[in-house]
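Fold and geometry: a report
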Amino acid sequence: MDPSKARYTKDHEWIDGESGTIGITDHAQAELGDIVFVELPEQGRAIKAGEVLGTIESVKAVSELYAPASGTVAEVNAALTDKPEAINKDPYGTGWICRLELSSPAELEALMDAEAYASLVEQGS
Amino acid sequence: MAEDDSLLETPLYDAHVKAGARMVPFAGFRMPVQYTGIVDEHLAVRTRAGLFDVSHMGEVEVRGPRALDYLQHVTCNDVSKLVPGRAQYSALLLPNGAFVDDLLVYMLGEGDFLVVVNASNRGKDVAWMLERRPDAGVAVEDVSERFAQIAIQGPRAVEILRRVTGLDLEAMRYYHFAHGEVAGTRALVSRTGYTGEDGFELYVAADEAPDLWYALLGEGGPMGLVPAGLGARDTLRLEAKMALYGNDIDDTTTALEADLSWIVKFEKGDFVGREALARQREAGLDRKLVGFEMEGRAIGRHGYAAMLDGAPVGRVTSGTRAPFLERNIGLAYLPPALWEPGSEFQIDVRGRAEAARVVPTPFYKRPKK
């Protein structure tokens, strides 16, 4: 997944417009610290943009994962069950969390592009 | 980014920032929660050594001809068992037997004690102690500003510290201490810690702390010594089943309920809380702090309800994924029916009942050499 082509939310999630794959950003994984548990959504679940998709637990805290867009959960990264640290090590690759079949791809246009997200992070959000 | 200017900094603040630490507010101080990562630092302490800045802790001098009697009255452990060079884990209790704070009492000499308290309770503890001072014979003084405290913990702690001090560390037993020079700095060196590993806590003058910190990292670096933050400090102490005030013990939990009867010395004479605890001991406890392990991958965290057959029976006080043990562990106050190791119950993890099992503690015990 090419991070420069993804879209981003202010909650530090990325979504690849082509495949509908979702994850959290490098900034997010660094903020969370060592991730020890991921609660993945159920395959087949219908979700609306902004709803809670799952949770990501680090040693110290539990963080909610929000759906960047609306659709149906087509696939989840089951490997994260045994190796949640993949999110820390490779947040844009093997640390992908799930894939949505998008119901309204136009929603992605409202999200930030890579440049806008980079500014957000720089400004210290 | 908005900074809270009312936060204090320890003498080692610059060192942490330079090392790339993530700083967080804790007990009124800006403290390092992690440098490279909680898991990394935790494992370093279990296999090599870690260096902690614990300068935020409070130090209270208790001196005078009536100091011993006074401490016997306000703490629950038996201070008369101490001799100069020995320390003990103890607590200030409320009249109902619950905690004002847990602490360490160091006997420096006859009528001369140092009481080390939690950073978060420092003001409260000093006020409590001053209120209970007799009219004469004891002086109680908060000397926290004078001290910095650095802890070096791990199987290689002795090896590393030995290189920078002439003190006979081999001869220093657990919970004993001595004054000496460490890397050219005068220090109180005690064989104590909050990690379950061998190690030392070093008390030095505040302005000498940075030199000592860098000297230790310089000597110990090649042996794998790394700085470790409060995040790892918490996971380490939990694996070793050491209580954390605010989580496992507070002003609603008695010393007996907290499974700390070993520091309650009924036979030493009267002390604040003795009567209530004696009555509780007589009547029997209806809850006790026990260790548990999750059966699955969910983590039972502080505040989550413990359930049995759908009914709430207790509460989790501390819980995490233990980095060294690689298991999800925690502590909870549970009723007598669940005290036996092997007892099964559930923990409500964000709406789902997750299976848990009582286990003996400590979860981790360091290997004997």
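Refer to the preceding data block for the structure.
To keep things clear, this report deals only with the structure shown in the data block.

Conventions we followed
- Residues numbered from 1 in each chain as written.
- Chains lettered and ligands numbered in written order.
- Predicted model: local features only at pLDDT ≥ 70, side-chain atom pairs only at ≥ 80, totals over all residues.
- Heavy atoms only, no water.
- Contact = heavy atoms within 4.5 Å.
- Buried area = accessible area lost by both parts, 1.4 Å probe.
- Salt bridge = Lys/Arg side-chain N within 4 Å of Asp/Glu carboxyl O.
- Polar contact = N/O pair within 3.5 Å; in protein donor to acceptor, adjacent residues only side chain to side chain.
- Helix = DSSP H or I, 4+ residues; strand = E, 2+ residues; numbered from the N terminus.
- Nonpolar A, V, L, I, M, F, W, Y, C, P; charged D, E, K, R; others polar.
- Buried < 20%, exposed > 50% of the residue type's maximum accessible area, 1.4 Å probe, protein only.
- Phe/Tyr/Trp six-rings, centres within 6.5 Å; stacked < 30°, edge-to-face > 60°.

At the interface, 16 residues of chain A touch 19 residues of chain B. Carbon and sulfur atoms supply 47% of the area that chain A and chain B bury against each other, a total of about 1400 Å² over both sides. Across the chain A-chain B interface, the total number found is six salt bridges. The shortest N-O distance in the salt bridge between B:Arg301 and A:Glu57 comes to 2.5 Å. The interface formed by chain A and chain B contains 13 residue pairs in polar contact (both at pLDDT 80 or more). Looking at the side of chain A that touches chain B, the elements that each hand over two or more residues are helix H1 (26-32), strand E4 (35-39), strand E6 (52-58) and helix H2 (79-82) of chain A. For the side of chain A that touches chain B, the per-class residue count stands at six nonpolar, four polar and six charged.

Moving on, we get to the pattern of salt bridges. All names here are of chain B. On inspection of all chains with the given rule, the structure shows 33 salt bridges over all chains. Residue lysine 81 pairs with aspartate 78 through a salt bridge whose shortest N-O separation is 3.7 Å. The exposure class assigned to lysine 81 is exposed, which follows from its relative accessible area of 56%. In this structure, glutamate 219 engages arginine 163 in a salt bridge whose closest nitrogen and oxygen atoms are separated by 2.9 Å. Separated by 56 residues along the polypeptide, glutamate 219 in helix H6 (residues 209-220) and arginine 163 in the loop between helix H5 (157-162) and strand E11 (177-182) bring together distant segments of the chain.

Residues and elements named next belong to chain B. Scanning the entire structure with this criterion turns up nine aromatic pairs over all chains. Between the aromatic rings of tyrosine 89 and tryptophan 262, the centroid separation amounts to 5.7 Å while the plane-to-plane angle is 35 degrees, which identifies the pairing as tilted. In this pair, tyrosine 89 sits in strand E6 (residues 87-93) while tryptophan 262 sits in the loop between helix H7 (230-239) and helix H8 (274-283), placing the two residues 173 residues apart along the sequence. A residue is classified by how much of its surface remains accessible, and tyrosine 89, at 13% relative accessible area, is buried. Of the residues examined, tryptophan 262 reaches a relative accessible area of 51% and is grouped as exposed. Note on tyrosine 106 and phenylalanine 177: the rings are 5.1 Å apart at their centroids and 70 degrees apart in plane angle, and the pair reads as edge-to-face. Of this pair, tyrosine 106 sits in strand E7 (residues 99-109) while phenylalanine 177 is found in strand E11, placing the two residues 71 residues apart along the sequence. Taken individually, tyrosine 106 and phenylalanine 177 each receive the classification buried, so the pair is uniform in this respect.

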